[in-house]
Amino acid sequence: ETGVTQTPRHLVMGMTNKKSLKCEQHLGHNAMYWYKQSAKKPLELMFVYSLEERVENNSVPSRFSPECPNSSHLFLHLHTLQPEDSALYLCASSQEGYSGNTIYFGEGSWLTVV
Amino acid sequence: AQKVTQAQTEISVVEKEDVTLDCVYETRDTTYYLFWYKQPPSGELVFLIRRNSFDEQNEISGRYSWNFQKSTSSFNFTITASQVVDSAVYFCALSEAVNFNKFYFGSGTKLNVKP
């Protein structure tokens, strides 16, 4: 079992659908992240949760809504997305609180908006 | 300004060749950490190595080696005797003491290893 698991691995949704991406970390970490990776673009940080509180939101459109019910789980709720939102969404976790924390990624959820 | 620069967008080599992936970083912090990740076509970013700013010793792990030079703000990654399975996108990243939750990623270098 990998340290950070994401489901679903692949998702195709229409622009009027509502869906959610799920992430679970088994590493005992206290910080979780959502990154977006589009074709030929750098990794974009979307959200950071530390100790279940959102500490960073990088001007992400409101059609993306994160939820962190506990330190092991992170969701990304999606609604009324646009085709340009099609991308690989990566969840990650790290242990905040000591220097040099390493961020570990899940396998990603490939999202296609049609 | 970009904090992490990977100038090589794509590199192609033939199997068994050695290849070096360049990473140049920028920071004013005296305490920082540098990372390399590998992203195969499946999508997951796989952690390879972390170095702190106080340890300039080069590191070797099998066919992989890393050269950290503070004088040139570089953290280069060399694969010796490359193999087809090394084909992936490689990312260099930086985190600083002022905010360890913030990771600055380079744009990645795509490595193609041909048989």
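This report concerns the structure included in the present document. All values reported here derive from a predicted model rather than from experimental measurement.

Quick notes on the rules
- Residues numbered from 1 in each chain as written.
- Chains lettered and ligands numbered in written order.
- Predicted model: local features only at pLDDT ≥ 70, side-chain atom pairs only at ≥ 80, totals over all residues.
- Heavy atoms only, no water.
- Helix = DSSP H or I, 4+ residues; strand = E, 2+ residues; numbered from the N terminus.
- Buried < 20%, exposed > 50% of the residue type's maximum accessible area, 1.4 Å probe, protein only.
- Polar contact = N/O pair within 3.5 Å; in protein donor to acceptor, adjacent residues only side chain to side chain.
- Contact = heavy atoms within 4.5 Å.
- Buried area = accessible area lost by both parts, 1.4 Å probe.
- Salt bridge = Lys/Arg side-chain N within 4 Å of Asp/Glu carboxyl O.
- Nonpolar A, V, L, I, M, F, W, Y, C, P; charged D, E, K, R; others polar.
- Pairing = 2+ DSSP bridges.
- Axes fitted to C-alpha atoms, helices over the stretch in contact; angles between N-to-C directions.
- Phe/Tyr/Trp six-rings, centres within 6.5 Å; stacked < 30°, edge-to-face > 60°.
- Disulfide = S-S within 2.5 Å.

1. Some details on the side chain of Ser82 of chain B
Residues and elements named next belong to chain B.
Working step 1: On the secondary structure map, Ser82 appears in the loop between strand 9 (74-79) and strand 10 (88-96).
Working step 2: Assessed through its relative accessible area of 1%, Ser82 is described here as buried.
Working step 3: Among the polar contacts listed, one links the side chain of Ser82 to the backbone oxygen of Glu17, at a separation of 2.8 Å.
Working step 4: Once you skip the residues sitting within four places of it in the chain, Ser82 turns out to touch Val13, Val14, Glu15, Lys16, Glu17, Arg63 and Val113.

2. Thoughts on the interface of chain B and chain A
Working step 1: Contact with chain B, which involves 17 residues of that partner, is made by 25 residues of chain A.
Working step 2: A combined buried area of about 1800 Å² lies between chain B and chain A, and 53% of that area is made up of carbon and sulfur atoms.
Working step 3: Broken down residue by residue, the surface that chain B buries against chain A is led by Glu44, Asn101 and Phe103 of chain B, which jointly contribute 31%.
Working step 4: At the boundary of chain B and chain A, one finds 0 salt bridges.
Working step 5: Secondary-structure elements contributing two or more residues to the side of chain B that touches chain A are strand 5 (32-39), strand 6 (46-52) and strand 11 (99-105) of chain B.
Working step 6: With 5 residues, strand 11 of chain B is the largest single contributor of residues to the side of chain B that touches chain A.
Working step 7: Split by residue class, the side of chain B that touches chain A holds 10 nonpolar, 4 polar and 3 charged.

3. Focus on the sheet that holds strand 3 (residues 18-25) of chain A
Residues and elements named next belong to chain A.
Working step 1: Strand order across the open sheet formed by 4 strands is 1-3-8-7, with antiparallel pairing between neighbours. Edge strands, defined here as strands with exactly one partner in the open sheet, are strand 1 (4-7) and strand 7 (64-70). For this sheet the average axis-to-axis angle between neighbouring strands, irrespective of direction, equals 20°.
Working step 2: In this sheet, strand 3 lies alongside strand 1 in antiparallel orientation, the contact comprising 4 bridges. Its bridge partner being in strand 3, Val4 is matched across the sheet by Gln25.

4. Overview of the pattern of salt bridges
Residue and element names in this part refer to chain B.
Working step 1: Throughout the structure, instances matching the rule amount to 6 salt bridges over all chains.
Working step 2: For Glu96, the salt bridge is made with Lys3, and the minimal N-O distance between the two is 2.9 Å. Highlighted residues: Glu96 in strand 10 and Lys3 in the segment before strand 1 (4-5), separated in sequence by 93 residues.
Working step 3: With a relative accessible area of 7%, Glu96 lands in the buried category.
Working step 4: Among the residues examined, Lys3 registers a relative accessible area of 26% and is labelled partly exposed.
Working step 5: The network of salt bridges with shared partners includes Arg51, Asp55 and Glu59.

5. A look at the packing of aromatic side chains
Working step 1: Tallied over the full model, the rule gives 20 aromatic pairs over all chains.
Working step 2: When the ring of Tyr35 of chain A is compared with that of Phe105 of chain B, the centres are 5.7 Å apart and the planes differ by 80°; the resulting orientation is edge-to-face. Note that Tyr35 of chain A is positioned in strand 4 (residues 31-37) and Phe105 of chain B in strand 11, a pairing that runs across two chains. Here the two residues Tyr35 of chain A and Phe105 of chain B agree in accessibility, since each one is buried.
Working step 3: Considering the side-chain rings of Trp36 of chain B and Phe77 of chain B, the 5.3 Å spacing of their centres and the 50° angle between planes classify their relative orientation as tilted. In this pair, Trp36 of chain B is assigned in strand 5 and Phe77 of chain B in strand 9, connecting sequence segments 41 residues apart.

6. Topic: the state of the cysteines
Residue and element names in this part refer to chain A.
Working step 1: A full pass over the atoms with the stated rule returns 2 disulfides over all chains.
Working step 2: Each sulfur in the disulfide pair Cys23 and Cys91 lies 1.9 Å from the other. Here the S-S torsion is close to -75°, and the disulfide linking Cys23 with Cys91 is therefore left-handed. One end of the pair, Cys23, is in strand 3; the other, Cys91, is in strand 9 (residues 87-94), with 68 residues separating them in the sequence.

7. Describing the side chain of Arg63 of chain A
Residue and element names in this part refer to chain A.
Working step 1: Of note, Arg63 is situated in the loop between strand 6 (53-57) and strand 7.
Working step 2: Only 2.7 Å separates the side chain of Arg63 from the side chain of Asp85, close enough to count as a polar contact.
Working step 3: Setting aside residues up to four positions removed in sequence, Arg63 forms contacts with His77, Leu78, His79, Thr80, Leu81, Gln82 and Asp85.

So yeah, pure geometry; function would need other evidence.
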